[in-house]
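Structural overview for review
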Amino acid sequence: AQSVTQLGSHVSVSEGALVLLRCNYSSSVPPYLFWYVQYPNQGLQLLLKYTSAATLVKGINGFEAEFKKSETSFHLTKPSAHMSDAAEYFCAVRRLSLFGSKLTFGKGITLSVRP
Amino acid sequence: ETGVTQSPTHLIKTRGQQVTLRCSSQSGHNTVSWYQQALGQGPQFIFQYYREEENGRGNFPPRFSGLQFPNYSSELNVNALELDDSALYLCATKEGAGGPYEQYFGPGTRLTVT
């Protein structure tokens with residue numbers, strides 16, 4: 001079984017500051033890992049994904065994440081926060097499989113950006 | 001924006017009623033998954049359809065059922081609605097049942113049960 005833990009439900013940063021959103025996963029098999037962003041009253045947009053290639057993954061809007069197997073982590077970072085980054089962020093895990101695509105999500109982290 | 005659309009956008013139903021939600025997949029996508037997102041929570045997997053057959057189900061009761069049509073559009077049906085069914089319902093489509101291809105989410109249907 002897979003699971004995801006996102007530490008903290010709310011992160012607040014100043015505009016221009018580093019963004020760090022933490023995600024730890026549990027998986028009995030090699031996982032695919034994802035970060036999604038959700039703006040108010042909208043669906044989920046994929047920020048980036050890890051599918052067993054490079055451990056440092058670059059995504060859209062300047063975000064990146066590093067897969068660390070030894071720490072079972074996939075933390076999301078952005079060097080400089082922008083006001084438009086304020087949203088809900090979800091980490092998700094999926095097992096490598098030819099037959100299913102079930103995503104298991106964390107509870108999400110709300111990112112606030114202060115002017 | 002993705003090519004995945006959902007209808008209706010919002011819906012209000014009474015406890016005990018039945019509801020049907022719809023999802024149109026992105027071109028070329030033969031797999032659809034449905035998720036329930038309660039307020040303040042992450043999405044929870046309901047089930048997945050691949051080429052019109054259910055091929056995976058989460059921890060949801062049988063009153064949650066689905067269909068996938070030959071054009072790969074999909075419906076989620078919920079019978080005997082309960083207050084706890086109030087949530088945002090998301091569908092996601094992709095190419096292939098498994099594999100590395102990403103899923104594309106629709107904007108969701110907000111269901112309120114009173």
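This one's a predicted model, so the numbers in the text were calculated from it and none came from an experiment.

1. Structural notes on the overall build of chain B
Each helix and strand in chain B was counted, giving zero helices and eleven strands. Going from N to C terminus, chain B has its helices and strands arranged as β-β-β-β-β-β-β-β-β-β-β. Against the 2.2 N^0.38 benchmark of 13 Å for 114 residues, chain B shows a C-alpha radius of gyration of 13 Å, consistent with a compact globule. Referenced to the eigenvectors of the C-alpha coordinate spread, the extents of chain B come out at roughly 40 × 30 × 25 Å. Buried positions account for 51% of the 114 residues belonging to chain B. For chain B, restricting intrachain contacts to residue pairs at least 6 apart in sequence, the fraction spanning at least 24 positions comes to 54%. Accessible surface, chain B: about 5,300 Å² in total, of which carbon and sulfur atoms supply 48%. Separation between the mean location of the 8 positive side-chain charges and that of the 10 negative ones in chain B comes to 6 Å.

2. Quick look at the layout of surface pockets
Looking at the second largest pocket, its volume works out to about 260 Å³. Forming the boundary of the second largest pocket are 16 residues, of which Gln38 and Glu88 of chain A together with Gln37, Gly40 and Arg110 of chain B lie nearest the centre. Here the lining of the second largest pocket is built from residues that sort into seven nonpolar, six polar and three charged.

3. Regarding unusual backbone geometry
Note that the residue after Ser7 of chain B, namely Pro8 of chain B, is joined by a cis bond; omega there is -10 degrees. Structurally, the position occupied by Pro8 of chain B is in the loop between β1 (5-7) and β2 (10-13). A positive phi angle is found at Asn41 of chain A, which is not glycine, with a value near 60 degrees. Within the secondary structure, Asn41 of chain A is located in the loop between β5 (31-38) and β6 (44-50). The exposure class assigned to Asn41 of chain A is exposed, which follows from its relative accessible area of 73%. Notably, Glu52 of chain B is not glycine yet its phi reads approximately 75 degrees, a positive angle. Relative to the helices and strands, Glu52 of chain B is located in the loop between β5 (44-50) and β6 (53-57). For Glu52 of chain B, a relative accessible area of 40% gives the class partly exposed.

4. Points about the sheet that holds strand β8 (residues 74-78) of chain B
Strand pairing in a sheet takes place through backbone hydrogen bonds and is either antiparallel or parallel in direction. Residue and element names in this part refer to chain B. Taken in spatial order, the four strands line up as β1-β3-β8-β7 in an open sheet, and their pairing is antiparallel. In the strand order of this sheet, the two ends are held by β1 and β7 (64-68), each with one partner. Taking each pair of neighbouring strands and ignoring which way they run, the sheet shows an average axis angle of 20 degrees. Direction of pairing for β7 relative to β8: antiparallel, over a ladder of five bridges. Opposite Gly66, over in β8, you have Leu76 as the bridge partner.

5. As for the state of the cysteines
Residues and elements named next belong to chain B. Under the criterion given, the structure shown has two disulfides over all chains. Here Cys23 pairs with Cys91 through a disulfide, and the sulfurs are 2.0 Å apart. On the S-S bond that ties Cys23 to Cys91, the torsion sits near 75 degrees, and the link is right-handed. Here the residue Cys23 occupies a position in strand β3 (residues 19-24), and Cys91 occupies one in strand β9 (residues 87-94), the gap between them amounting to 68 residues. Accessibility classification places Cys23 together with Cys91 in one group, the buried group.

6. Examining the environment of Gln2 of chain A
All names here are of chain A. On the secondary structure map, Gln2 appears in the segment before β1 (3-5). With 29 residues separating them in the primary sequence, Gln2 and Pro31 have C-alpha atoms 8.4 Å apart. Not counting chain neighbours up to four residues away, the residues in contact with Gln2 comprise Ser26, Ser27, Val29, Val93, Arg95 and Thr104.

7. Observations regarding the interface of chain A and chain B
Every contact between the two is made by 21 residues of chain A and, on the other side, 23 residues of chain B. Buried area between chain A and chain B, both sides added, is near 1,700 Å², and the carbon and sulfur share of it is 49%. When the buried area of chain A at its contact with chain B is split by residue, Leu44, Ser101 and Phe105 of chain A rank highest and sum to 26% of it. In this structure, the connection of chain A to chain B is made through one salt bridge. A salt bridge links Lys49 of chain A to Glu102 of chain B, with the shortest nitrogen-to-oxygen separation between them at 3.8 Å. Connecting chain A to chain B are two residue pairs in polar contact (both at pLDDT 80 or more). Residue assignment for the side of chain A that touches chain B shows that the elements contributing at least two residues are β5, β6 and β10 (87-95) of chain A. Class assignment for the residues of the side of chain A that touches chain B results in nine nonpolar, eight polar and four charged.

Each value, and the rule that gives it
Each residue is numbered by its place in its chain's sequence as written, counting from 1. Whichever chain is written first becomes A and whichever ligand is written first becomes 1, with later ones labelled in order. Predicted model: local features are reported for residues with pLDDT of at least 70 only, side-chain atom pairs are reported and counted for 80 or more only, and whole-chain, interface and lining totals are derived from all residues. Note that water and hydrogens are dropped before the side-chain values are worked out from all heavy atoms of the structure. Labels follow the DSSP assignment, with helices taken as runs of H or I lasting at least four residues and strands as runs of E lasting at least two, numbered in each case from the N terminus. As defined in this context, the radius of gyration uses C-alpha atoms, and a globule is described by 2.2 Å times the residue total to the power 0.38. Burial status follows relative accessibility: with a 1.4 Å probe on protein chains alone, a residue under 20% of its type maximum counts as buried, one over 50% as exposed, and anything between as partly exposed. For this analysis, residues touch if any pair of their heavy atoms sits within 4.5 Å. Only the protein chains shown count as cover for residues, and all accessible areas are computed by the Shrake-Rupley method using a 1.4 Å probe. Positive residues here are Lys and Arg, negative ones are Asp and Glu, while His and the chain termini are left out of the count. For the purpose of locating charges, the reference atoms are NZ of Lys, CZ of Arg, CG of Asp and CD of Glu. Site definitions follow a grid-based scheme: protein atoms alone, a 1 Å grid, a 1.4 Å probe that fits but cannot get out for cavities, and for pockets an open set with protein on both sides within 12 Å along at least five of seven lines, plus lining residues having an atom within 4 Å of a point. Grid points are joined across faces, edges and corners, and a volume is the space filled by probe spheres set on the points. Side-chain classes are defined by residue name, with Ala, Val, Leu, Ile, Met, Phe, Trp, Tyr, Cys and Pro counting as nonpolar, Asp, Glu, Lys and Arg as charged, and the others, Gly among them, as polar. One requirement defines pairing of two strands: DSSP has to find at least two bridges between them. To define axes, lines are fitted to C-alpha atoms, for helices over the stretch in contact only, and angles between the resulting N-to-C directions are given on a 0 to 180 degree scale. To count as a disulfide, a pair of cysteine sulfur atoms needs to be within 2.5 Å. Two parts placed together each lose some accessible area; with a 1.4 Å probe, that loss summed over both constitutes the buried area. Any carboxyl oxygen of Asp or Glu within 4 Å of a side-chain nitrogen of Lys or Arg constitutes a salt bridge here. A 3.5 Å cut-off defines polar contacts: any pair of N or O atoms within that distance qualifies, except that in protein one atom must be a possible hydrogen donor and the other a possible acceptor, and neighbouring residues in sequence count only when both atoms are side-chain atoms.

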